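Descriptive analysis of the structure
Given next are the chains, with one letter for each unit.
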Amino acid sequence: MFRRLTRVASSLAPRHPPTAVRRIASAGTFVAALETLSQHKRFARGDLLGSQVEAVHPWLGKRYPRVNRALASRTFPYAVYGTQAAVSAATFLWPGNRPLRIAGGVTLAVLQSAQSAFIPFGRDGADQLQQVINITMASTGLVRDREQADDLAMRTLALETSLSYVASGVVKAVSPVWLQGDAVAGVMRTKSYGDPRAHELITRYPVISKALSWGTIAIECGFPLIYVLPRPAARAYLATMLAFHLGIGEFMGLNRFVLAFGATHPAIHYVLSQRRRELAATPLPAATRTAATPAV
């Protein structure tokens, strides 16, 4: 099993991590835009996916009535999500274009901020992580040296992803429901995030819920270990996290998390590869070199 995970992880390691990050992330924002546009009937004024500017920012109508009318119109969600889809598609097609990296990242960040401010419903943690990716790629694109820009972006995203996993694990580790091992079973019972097949299986074998609950805490809290593990073990760990997200997408319907977190995994692959090169380039202490020299 370990060797299989290692082979899977090695096959997933991207040849050019920055390109992989931008393509996977842009695929995520493109899918998110299309998902919302497919529910355009809910764009009516005050409806769930329509602008909530009058409810969230009632002062805007008094100070800037024209701006308020534009933001409250049915056209506003079309403009936001349509632009998001177009910019995401362009980013996917030309991931190495430097001006697009900056302008596209800024545009997507602004659009997601507008969604948070005026269309707050239907959003989740995947949107927050996508926002981090957009800002990181846009800001590091301002660095003149392309190699330094990519290195800074990859290390930043690897750090952010690690913090996200650990924070999520710690929150679960202090929750009585998670510690008792009942959290997964409880989620599978819900209508919004549950799955009848998984619920039936967990009801029959409660030990599965306990194993999944405790296992989730363990792999999230222990994620920083990936940077000190041997390379095969680290690759296998990352493949396990990918399987974890695929499972969440399949059974909880949170498919956008797969693309959001999947977009940061090439950055972690990059850091792991750089760590190996840095260790190989580090000169051995004099005493170690002497001991390692064979006697003649």
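Look a little higher up for the structure.
Heads up: these notes are all about the structure in this document. (Residues numbered from 1 in each chain as written. Predicted model: local features only at pLDDT ≥ 70, side-chain atom pairs only at ≥ 80, totals over all residues. Heavy atoms only, no water.)

Digging into the overall build of the chain
Summing up its helical and strand segments, the chain has 16 helices and 0 strands in all. Sorting the 296 residues of the chain into buried and exposed places 41% on the buried side. Within the chain, residue pairs in contact and separated by at least 24 positions form 73% of the contacts whose partners lie at least 6 positions apart. By element, 65% of the accessible surface of the chain is carried by carbon and sulfur atoms, the whole surface being about 16,300 Å². (Helix = DSSP H or I, 4+ residues; strand = E, 2+ residues; numbered from the N terminus. Buried < 20%, exposed > 50% of the residue type's maximum accessible area, 1.4 Å probe, protein only. Contact = heavy atoms within 4.5 Å. Areas by Shrake-Rupley, 256 points an atom, 1.4 Å probe, with all protein chains shown as cover.)

Side note on the packing of aromatic side chains
The way to describe two aromatic rings as a pair is by their centre distance and the angle between their planes. In this structure the tally under the stated criterion is 8 aromatic pairs. Note on Phe223 and Tyr237: the rings are 5.9 Å apart at their centroids and 85 degrees apart in plane angle, and the pair reads as edge-to-face. Taken together, the residues span a long stretch of sequence, with Phe223 in the loop between helix H13 (206–221) and helix H14 (231–252) and Tyr237 in helix H14 at a distance of 14 residues. Here Phe223 matches Tyr237 in class, with each residue buried. Among the aromatic residues, those joined into a ring-pair cluster are Tyr165, Phe223, Tyr227, Tyr237, Phe257 and Phe261. Of note, Arg23 hangs over the ring of Phe92, and the distance from its end group to the ring centre comes to 5.4 Å. (Phe/Tyr/Trp six-rings, centres within 6.5 Å; stacked < 30°, edge-to-face > 60°. Lys NZ or Arg CZ within 6 Å of the ring centre and 35° of its normal.)

Some details on the layout of surface pockets
One number sums up the size of the largest pocket: a volume of about 960 Å³. Taken together, 32 residues make up the lining of the largest pocket; nearest its centre are Trp178, Thr216, Phe244, Ile248 and Met252. Of all the secondary-structure elements, those providing two or more residues to the lining of the largest pocket are helix H8 (125–140), helix H9 (146–173), helix H11 (183–189), helix H12 (196–204), H13, H14 and helix H15 (255–281). Taken together, the residues of the lining of the largest pocket sort by class into 21 nonpolar, 8 polar and 3 charged. (1 Å grid on protein atoms, 1.4 Å probe; cavity = no way out; pocket = protein on both sides within 12 Å on 5 of 7 lines; lining within 4 Å. Points joined across faces, edges and corners; volume = space filled by probe spheres on them. Nonpolar A, V, L, I, M, F, W, Y, C, P; charged D, E, K, R; others polar.)

Examining empty space enclosed by the protein
One simple way to see leftover space: roll a probe sized like a water molecule over the atoms. Evaluated as defined, the whole model comprises 2 cavities of 30 Å³ or more. What the largest cavity holds in volume is close to 90 Å³. In this structure, the largest cavity is lined by Arg22, Ala25, Ser26, Thr29, Thr91, Arg101, Gly104, Gly105, Leu108, Ile133, Asn134 and Met137. Of all the secondary structure elements, the ones that give two or more residues to the lining of the largest cavity are helix H2 (17–37), helix H7 (98–118) and H8. Of the residues that constitute the lining of the largest cavity, the class distribution is 4 nonpolar, 6 polar and 2 charged.

Observations regarding the packing of H7 against H8
Where H7 meets H8, the axes come as close as 8 Å, and the angle between the chain directions of the two elements is 150 degrees. With respect to H8, the axis of H7 lies roughly antiparallel. Regarding H7 and H8, the two cross each other, and that crossing is left-handed. Judged by residue contacts, Arg101, Ile102, Gly105, Val106, Leu108, Ala109, Gln112 and Ser113 of H7 engage Asp127, Gln130, Gln131, Asn134, Ile135, Met137, Ala138 and Thr140 from H8. Of the residues contributing to the contact of H7 with H8, the split by class is 7 nonpolar, 7 polar and 2 charged. (Axes fitted to C-alpha atoms, helices over the stretch in contact; angles between N-to-C directions. Parallel < 35°, antiparallel > 145°, perpendicular 65-115°, else oblique. Left-handed = near helix turned anticlockwise from the far one by under 90°.)

Structural notes on helix H5 (residues 65–72)
Given 3.6 residues per helical turn, the α-helix brings residues three or four places apart onto the same face. Three or more residues of H5 are buried, namely Asn68, Leu71 and Ala72. Projected onto a plane normal to the axis of H5, the buried residues spread over an arc of 95 degrees and lie on a single side. Residues of H5 that are exposed and angled more than 90 degrees away from the buried face: Arg66 and Arg69. Turning to H5, the residues buried within the fold contact helix H3 (53–56), helix H4 (59–63), helix H6 (75–93) and H7. (Arc of directions from axis to C-beta.)

Focus on the environment of Ser113
Residue placement: Ser113 occurs in helix H7. C-alpha of Ser113 to C-alpha of Gln131: the two residues are 18 residues apart in sequence and 8.4 Å apart in space. Of note is the side chain of Ser113, whose polar atom sits 2.9 Å from the backbone oxygen of Ala109. (Polar contact = N/O pair within 3.5 Å; in protein donor to acceptor, adjacent residues only side chain to side chain.)

Overview of the packing of H8 against H9
Contact geometry for H8 and H9: axes closest at 9 Å, N-to-C directions at 160 degrees. Between H8 and H9, the angle is such that the two are roughly antiparallel. When you trace H8 past H9, the crossing you get is right-handed. On H9, the residues touching Leu129, Val132, Ile133, Thr136, Met137 and Thr140 of H8 are Ala149, Leu152, Ala153, Met154, Thr156, Leu157 and Glu160. The residue makeup of the contact of H8 with H9, split by class, is 9 nonpolar, 3 polar and 1 charged.

A few points about H14
Across its 22 residues, H14 extends 31 Å between first and last C-alpha, which sits within 8% of the 32 Å expected from 1.5 Å per residue. Within H14 the residues assigned to the buried category are Ala233, Ala234, Arg235, Ala236, Tyr237, Leu238, Ala239, Met241, Phe244, His245, Ile248 and Gly249. Just downstream of H14 lies Gly253, where phi reads positive at about 75 degrees. (Expected span 1.5 Å × (residues − 1).)

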